[in-house]
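Structural characterization, general
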Amino acid sequence: MAAELHPCSGKLIGLSNSNRTAQRNQPVQEFNHGLVLSREPLKDRDVFTVRIDKKVNSWSGSIEIGVTSLDPAGLDFPSSATGLKGGSWIVSGCSVLRDGRSVLEEYGRDLDQLSEGDRVGIQRSTHGELHLWVNGQDCGAAASGLPTGLWAVVDLYGKCTQVTVVSCEPPSLAERDTERETVEEREQEDEEEEEVVVCGVRAGEFGGLTSEVNLAAATNGTLEEEPELPPTHNRPDKFPNNLEPETVLTEHQLFDVLNNAIVSLYRSEDNGGGDLGGGGIGRDSGTGSRGDRGSSSGGGSVNGNSSDSGGGTGNTGSVNSPAGGGGARLGAVTGGMLTNDALLFHEKCGTLIKLSNNNKTAERRRPLDEFNNGVVMTNRPLRHNEMFEIRIDKLVDKWSGSIEIGVTTHNPNNLDYPATMTNLRSGTIMMSGCGILTNGKGTRREYCEFSLDELQEGDHIGLMHKASGALHFYINGIDQGVAAAQTPAVVYAVVDLYGMAVKVTIVHNHNHSDRLRRNNAIMRALSPDVGRPRPAHSLTPDPDTPDRLLFHSNCGQKAAIISEGRTALRPHATDDFNHGVVLSGRPLHSNEVFQVRIDKMVDKWAGSIEIGVTTHNPAYLQLPSTMTNLRSGNTNQSGTWMMTGNGVMHNGTTILDEYGHNLDRLKAGDTVGVVRKEDGSLHFFVNGVAQGPAAWNVPPSVYAVVDLYGQAAQATIMDDVADLPTLPEDSSEGPTVMSPSSPCSVAGGNSANDLRFHQLHGTNAVITNGGRTALRQNCRSEFNDAIVISNRCLRDGELFEIVIQKMVDRWSGSIEAGKIMAGVTAIRPEELEFPNTMTDIDYDTWMLSGTAIMQDGNTMRNNYGCDLDTLTTGSRIGMMRSATGDLHYYINGVDQGVACTGLPPEVYAVIDLYGQCVQVSITSSSGPQDNSLCTSNITERSFPIHSPVAGVAHRLHSKHGKNVVLLGEGCQAVRVGGYAHGIVFSAKELKTDELFEVKIDEVDDQWSGSLHMGLTTLAPPELPSCPMSGLSPSLTQLRSKVTWLLAGSEVRRNGLLQRQNYGASLDRLTVGNRVGVKRCSDDTMHVLIDGEDMGPAATAVAKNVYAVLDLYGRVTAVSIVSSSVLEDAGSVKAPSLSSDSCSEGEEDRTPVEGGEPALVPNTVMAFLENHGKNIQLSHENLTAARVSSYNQGLLVTAQPLPRQQLFQFQIDRLNASWTSSLSLGVIGHSPDRLNFPSTACCLKRSVWLLQRDSVFHNSLKICENYGPNLDTCPEGTVLGLLVDGNSCLHLYVNGMDQGVAAQDIPTPCYPLIDLYGQCEQVTIVTNNVATVGGESVKARCQGDMEKADMVDGIKESVCWMPHPEVNPNKTCEYQALCSRFKDLLTLPDGYFNEDAKYNLCYCESCHKLRGDESYYKRGEPPRDYALPFGWCRFALRIKPHCDVSNSFKQWHIAYHGTSVGALRRTLDHAQLLSGTSSIFSVSPVKTEGPNGYSEPEENSSNSLPDRDRERDREVPRVQLSPTMRYSGLEMFAPKVQFRDPRSHCCHQAQVGFQVCVRPGSYKVGPQTLGAIEPLDPRFSNTEIEWITKDQGGTLLYGLLIRVE
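The rules behind each value
Residues numbered from 1 in each chain as written. Predicted model: local features only at pLDDT ≥ 70, side-chain atom pairs only at ≥ 80, totals over all residues. Heavy atoms only, no water. Helix = DSSP H or I, 4+ residues; strand = E, 2+ residues; numbered from the N terminus. Buried < 20%, exposed > 50% of the residue type's maximum accessible area, 1.4 Å probe, protein only. Contact = heavy atoms within 4.5 Å. Areas by Shrake-Rupley, 256 points an atom, 1.4 Å probe, with all protein chains shown as cover. Pairing = 2+ DSSP bridges. Axes fitted to C-alpha atoms, helices over the stretch in contact; angles between N-to-C directions. Polar contact = N/O pair within 3.5 Å; in protein donor to acceptor, adjacent residues only side chain to side chain. Lys, Arg positive; Asp, Glu negative; His and termini not counted. Salt bridge = Lys/Arg side-chain N within 4 Å of Asp/Glu carboxyl O. Phe/Tyr/Trp six-rings, centres within 6.5 Å; stacked < 30°, edge-to-face > 60°. Lys NZ or Arg CZ within 6 Å of the ring centre and 35° of its normal. Disulfide = S-S within 2.5 Å. Expected span 1.5 Å × (residues − 1). Core = buried A, V, L, I, M, F, W, Y, C linked by side-chain atoms within 4.5 Å. pLDDT = per-residue confidence, 0-100.

What follows deals with the overall build of the chain. Secondary structure assignment for the chain yields 9 helices and 97 strands. Taken across its 1604 residues, the chain has 57% of its residues classed as buried. Across the chain, every contact between residues at least 6 apart in sequence was considered, and the portion connecting residues at least 24 apart equals 71%. Approximately 64,400 Å² of the chain is accessible, and the part contributed by carbon and sulfur atoms is 46%.

Shown next, in the form of structure tokens:
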């Protein structure tokens, strides 16, 4: 065949040199239309070779080459070779395309990287395979099954502008001989049916591999000895030449050898080596039987280029092919794994988009000048269950916002691309930030925990269109759940390179960036048992060499190994926080403890060391950035187990929350360890203390893993036996030390309770905590197969109770949306074949599912007394078989009645962790019920009472936690079960400077944690009379009233941390130690330990407080040792109402001035001259204003912020034209030369930022729901920052401390303010400026309020009224929306109070700004009522005919839901009358029942008119409630739809009234809705409904509106 080009060619091609040279005209202006073909069809084995003569740099892409069955004489030439159809195979870059569709990725050499002078050839072999040749080297088979009669194709594309045909002939002689041998061997192998085939690679074709690893000689075809791993080598280097079945080589040794060989092969290929052999390497070219092929008689070389014809020595031959023989076959194997018709970006895209890398990469041009017009879409619609995934390649710091991704029904060919996809108003679903937008409108505000705006370069984002129509998004491989339940069948994936996002690349499942991953996949297919426990002999080192644990030399990119393998470190720990993964050099033995000491830490990052085990060999593992990102391992018995923070993760998925000590709190010098016990359980250690079992069924031969993450910079292996902790006892007994806050301690301390979960369970269930806890793993991808059963049958009258500890919202709204199923079965666990769900069993099983009682899978009863699908986290479910064979269920300790009868005597309890329910634990209440709290064995003899100090001893109140028993006339408290529910109170309020002190009598070391002590405004006489309810399990959760407490060495207020390291830790106390508390005259709380005053623990403590202590954890018994000489012991003073009578405010709400006392003189603060470009300073740099735009408003103070000095500033001016508002925080480095970005969120170095209601560190969110939403702060709000002595950052709002926002703030630090969006001007508050909450604005109770605060004789219900300049009513958007709805009602203004300051918004931001409590008291006698959170109140004018005497202030507060249609008539009469409220709230009463009220009659709008004539003879009944959680239900307050005149958006609204009710004019009764769960945690369902028949007993106080 002539080496010439066909005269027919692309329209820009010019031919010369006798049609041997082709040149693309206008190479700088045009990049395509450069197609040329060979003059004649190719002959088999002929290589059509061209030389690249010229290239230009104007374009991306380069030469493309291939073959086509199209005759060039009649061909309509397309613009490029990839446009050829009808039987065309083209190699483009490093991909192979057939008819324009990708069939093979990462093939051969990248043609785009070739230079001028390089030669490229194409060949069809005699077997119909396509081969690419580059500079004389065969790149292996690119495709197979090619027909005959093919023309060579060359495309002068992109950079390539001129080529010359240099030859068209078969390969050289040496290559021909090698090729002939390969063909003959293939034919011979086809005839040998018993030939060994390994993963598609024949044994004889491992020549290229075996020559690289120096195969050792074997005698008579067998191994002389079994290979061992020397301690100094990480990979085995011996491999037999014989691969017959009788070879004594284990599959795991085979795995290691072949993996090592492939690694070496690819390394050689990357280095351009060509001596890896052809197909005949390692085989005997002469005579010999199959049994001796490949063997060596005298240790002859198998890694040479010469052949030895005698003795069966392998003939290796030499070929200039980097992938000959076995290498080519490996390529074929991997090629078979690839998918066809790969997803690419469509050529039509946004105006600023540039596509490259064969349309797999998209980049936005001019990223520093433009932030939009970067939309790209896929070239075809998504298939069902097809993953579309991209990698973020490049980000810029200039803009806010980042990448957006989603799907659309619009065809890219017909779409007029918008600037951003959120502008498209049809057929589009996008994920933006952490929310979902449908057709440009937000449908889910917080779809997932990740925000796309926070992702970094290298992160992956994916989406999948399920066959069910559901749309899922994936962040770094983690499924974020259902984003949209129903999407159209045909959708295209769309990516918007918006804001910071500049460049992305499509990631195909088969397109691995590192070939080692592909190698491991191939080698796993080699043996189905890979991943199982390896034989011990394959890992046994030389007995003469010490078996010492060291770190493996293969470590993370930013890690280093020193000290002979004992120490690992991140040398540049302040520059990078990850890529610090290190593994042990050998697997751990059973019961071998691997422990490291933290040598060095840095304060720059969040997070710290992580430790665990993995089945992956470090020699072949591509180490991830963090070990929790490693998600390989297809079964529960393989992969990686890590302890991170205080949770445990398996293959990147959390399987245990709240486990053990929090690793993020460790310091330098602390130790962490891990051990795998012989029973397969995994245990962790912190400072030598066992944290309990963390996982089960962990395979043997796992490697230890340490991740030097975040703050952890250096760690050293502790291999001294004396330093290692002792192993925990048998795991069936649970951990030796358990934290009450962890799930390991949910079960009580009653050792007599031996009820556990059985070791047999469903496939997705995991049993931990010594059999007390069950959880469902992979809870976001699996919803069933998680059945657990009790370890023994239940005794008569024995309660089996579990508590729901964790739930997910993954399955809400779907067919799998159930939560949990509970019941009993007579089937023994050993005989039970665990089904998907227990309702699948058709014999001897009784289950409760939702409200249905099911027997043997069939519903036998509906509408049972409880609904399991309504339970939430913390709910308790119990089952009991009575002696008569009845099955009872208990919900939160309340018997729900007989569910079914006739149960056999021996039944097992069954729990099905189905749907949303993920984790449960057996409670301490499980066991016989007649003596669960029996005190017959607890007498005063058990704890003799010693006479306290002189005077009258203090006493404990009779109201206490359910696990407490009082002895000695209330002088002693004993906890009789569990670790919690041990709260006790002083019998009376403490006087000023009165000490309440107790002595510890007994401790139980099986628990961790200790006594909590403090002061509370909660009056114990107000608690329910039953000691089993009404109290939180621990004092840190007691938040119904204000409580100050000391827990350990931390001071907390209502559970929120106020101070750390206050004094000696209460956790260290033991028997005989004394602890006391008192309230001093300066309103501070002091704690005394053994008589020593620890100093002020809290400030602004209310006057009327009780001492409170919690017998928690270790401390089980205390006795009082203090006394009061002021009063007789028998006189228990009723609680004072002076503070409790405050409404919607408490005396303790007096703002704290500056938190803790300042220890240093105040530094005068001013703004720095270096600031954002839109900032203008004035008033001696105390005032800053943004003069244009909405950003570029960054401010930093010129002086660093001293410790314990409060820096405050006031919001002077807001501009409602913008959205969002200011953010503030601190920066940990000097701002003098800081280059200010457009917004504070772009600062990513040593920055702590408070934005909205979240806290960010270096642009990463570290805390949510902190304080009020800063976007809602009105003009006049005073914001402050304070760094306390413990380096904790506090936010102050109007003088009130919002608690710790961040820890470990460096010194020095500078306050930072970003005047963004609405906020346009602020002024620093100096010492002579009165601040809100300071001395100039005191908190006031009703007794202190002036007449100006009266509303026609009734005092305003807010004790603390903001300064007029900071009234939140001015700018709250929610209040404005409610006000616009009120205007639509066209109610006369005369009904409402003219003074707008009495209109209060109770949205989340407003009530947080005011510091409202949830519940207050009103009236005489005082009665609780709840604030109407979520509603907006508009104060009503009191009618002149009403009695305005001061007696009205003694009335109670209640709420009444009504309909919009009844508002006008109700306001006309100024009170609730018959027929004026909703039909659900008012009904005639004919007779009274036994409780003083009758059951409601069936009412409807059609029946009311028929009763008009009887109303005069009937008594009207009005339903009220002390909480809007009841009165605001839709049954009482129907929803109406309206269109907002301002935004033109549709909303739903409800209305109601806040009412003053005269005491004695109403009766309290139960709710009438049939609800089972408590409607309000403060009010029992039996007392939540008030009924009045007195027409003059109610007074309308305010109109309530709620808008959704």
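Here we come to the sheet that holds strand 29 (residues 560-562). Read from one edge of the open sheet, 7 strands run 29-30-41-32-37-38-39, paired in antiparallel fashion. Strands with a single pairing partner mark the edges of an open sheet, and in this sheet they are strand 29 and strand 39 (689-695). Each strand of the sheet is rotated relative to its neighbour by a mean of 25 degrees, with strand direction disregarded.

Another point: the side chain of H1257. Structurally, H1257 is set in strand 77 (residues 1254-1257). From its side chain, H1257 meets the backbone oxygen of K604 in a polar contact 2.7 Å long. The residues contacting H1257, other than those within four sequence positions of it, are K604, W605, A606, V1247, W1248 and I1262.

Let us look at the side chain of D670. With respect to the secondary-structure elements, D670 resides in the loop between strand 36 (653-656) and strand 37 (671-676). Of the side chains with opposite charge, K667 lies nearest to the buried D670, which makes no salt bridge, at 7.8 Å. Apart from residues no more than four positions distant in its own chain, D670 is found in contact with V596, R597, I598 and N687.

Scanning all chains against the criterion turns up 33 salt bridges. Between R391 and D393 there is a salt bridge whose closest N-O contact spans 2.8 Å. For R391, a relative accessible area of 28% puts it in the partly exposed group. Sharing partners across several salt bridges, the network here consists of E1373, R1380, D1540 and R1542.

Within this structure, the stated rule accounts for 21 aromatic pairs. Residues F577 and W605 carry aromatic rings whose centres are separated by 5.3 Å and whose planes lie at 55 degrees to one another, so their mutual orientation is tilted. Placement of F577 in the loop between strand 30 (567-569) and strand 31 (581-587) and of W605 in the loop between strand 32 (593-601) and strand 33 (610-614) is noted, with a sequence separation of 28 residues between them. A relative accessible area of 29% places F577 in the partly exposed class. Judged by its relative accessible area of 12%, W605 falls in the buried class. Joined through ring pairs, the aromatic side chains of F31, W59 and Y157 make up one cluster. Of note, K1382 hangs over the ring of F1392, and the distance from its end group to the ring centre comes to 4.2 Å. It is K1382 that lies over the ring of F1434; its NZ or CZ is 5.4 Å from the centre.

Looking now at the environment of G1280. Structurally, G1280 is set in strand 79 (residues 1278-1283). Looking at G1280, the relative accessible area reads 0%, which means it is buried. Distance from G1280 to G1225, taken between C-alpha atoms, is 9.5 Å for residues 55 residues apart in sequence. Beyond its immediate stretch of four places on either side in the chain, G1280 contacts L1206, F1207, Q1208, H1290, L1291 and Y1292.

With antiparallel pairing, 7 strands are arranged side by side in an open sheet as 16-17-28-19-24-25-26. Each edge of the sheet is formed by a strand with only one pairing partner; in this case those strands are strand 16 (353-356) and strand 26 (478-484). Put simply, the sheet's adjacent strands are angled 25 degrees from each other on average, direction ignored. Pairing between strand 19 (residues 387-395) and strand 24 (residues 460-465): 5 bridges, direction antiparallel. Bridge pairing in strand 24 links F388 to L463.

To continue, consider the pairing of strand 7 (residues 95-98). Pairing of strand 6 (residues 88-92) with strand 7 involves 4 bridges; the strand directions are antiparallel. Each residue of the ladder has a partner; that of W89, found in strand 7, is R98. Examined bridge by bridge, strand 7 and strand 8 (residues 101-104) share 3 bridges and lie antiparallel to one another. Within strand 8, the residue paired with L97 across the bridge is S102. From the end of strand 7 to the start of strand 8, which pair antiparallel, there are 2 residues, and D99 there has a positive phi angle of about 50 degrees.

A word on unusual backbone geometry. The residue after T1307, namely P1308, is reached through a cis peptide bond having omega -5 degrees. Relative to the assigned elements, P1308 resides in the loop between strand 81 (1296-1302) and strand 82 (1310-1314). Residue P1421 is reached from E1420 by a cis peptide bond, and omega for that bond is -5 degrees. Phi angles above zero are rare outside glycine, and N1054 is one such case at about 55 degrees. You can see N1054 is positioned in the loop between strand 63 (1050-1053) and strand 64 (1056-1059). Judged by relative accessible area, which is 13%, N1054 ranks as buried. Residues other than glycine seldom take positive phi values, yet S1220 does so here, at roughly 60 degrees. With relative accessibility at 30%, the residue S1220 sits in the partly exposed group.

What follows is about the state of the cysteines. Covalent bonding between the sulfur atoms of two cysteines is what defines a disulfide. If you walk through the whole model with that rule in mind, you get 0 disulfides. The thiol of C1319 is not disulfide-bonded; the next cysteine sulfur, from C1273, is found 9.3 Å away.

We now examine helix 6 (residues 1373-1384). With 12 residues, helix 6 should cover 16 Å at 1.5 Å per step; its first-to-last C-alpha distance of 17 Å lies within 8% of that length. Three or more residues of helix 6 are buried, namely Y1374, Q1375, L1377, C1378, R1380, F1381 and K1382. Here the buried face of helix 6 lies against strand 86 (1400-1401), strand 89 (1432-1435), strand 93 (1536-1539), strand 94 (1546-1557) and strand 97 (1594-1603). Just beyond helix 6, the residue with positive phi is T1386, at close to 55 degrees.

Ranked by internal contacts, the top residues of the largest apolar core, which has 39 residues, are F594, V596, I609, I611 and V706. The greatest single-element share of this core, amounting to 4 residues, is contributed by strand 32. Grouped together as the second largest cluster of nonpolar side chains are 38 residues, A1184, L1195, L1214 and V1226 included.

With that settled, consider the environment of D44. Inspection of the secondary structure puts D44 in the loop between strand 3 (35-37) and strand 4 (47-55). Judged by its relative accessible area of 34%, D44 falls in the partly exposed class. Separated by 106 residues in the primary sequence, D44 and L150 place their C-alpha atoms 9.6 Å from one another. Once residues within four sequence positions are removed from consideration, D44 is found in contact with R124, S125 and T126. For D44, the side chain forms a polar contact with the side chain of R124, separated by 2.7 Å.

Its location among the elements puts L1409 in helix 7 (residues 1404-1410). It is 7.9 Å that separates the C-alpha atoms of L1409 and C1273, two residues lying 136 residues apart in sequence.

A word on the confidence of the model for the chain. Across the chain, pLDDT averages 76, with 73% of residues at or above 70. This model gives residues 1328-1369 a pLDDT under 50, and the stretch forms 115 contacts once residues within four places in sequence are excluded.

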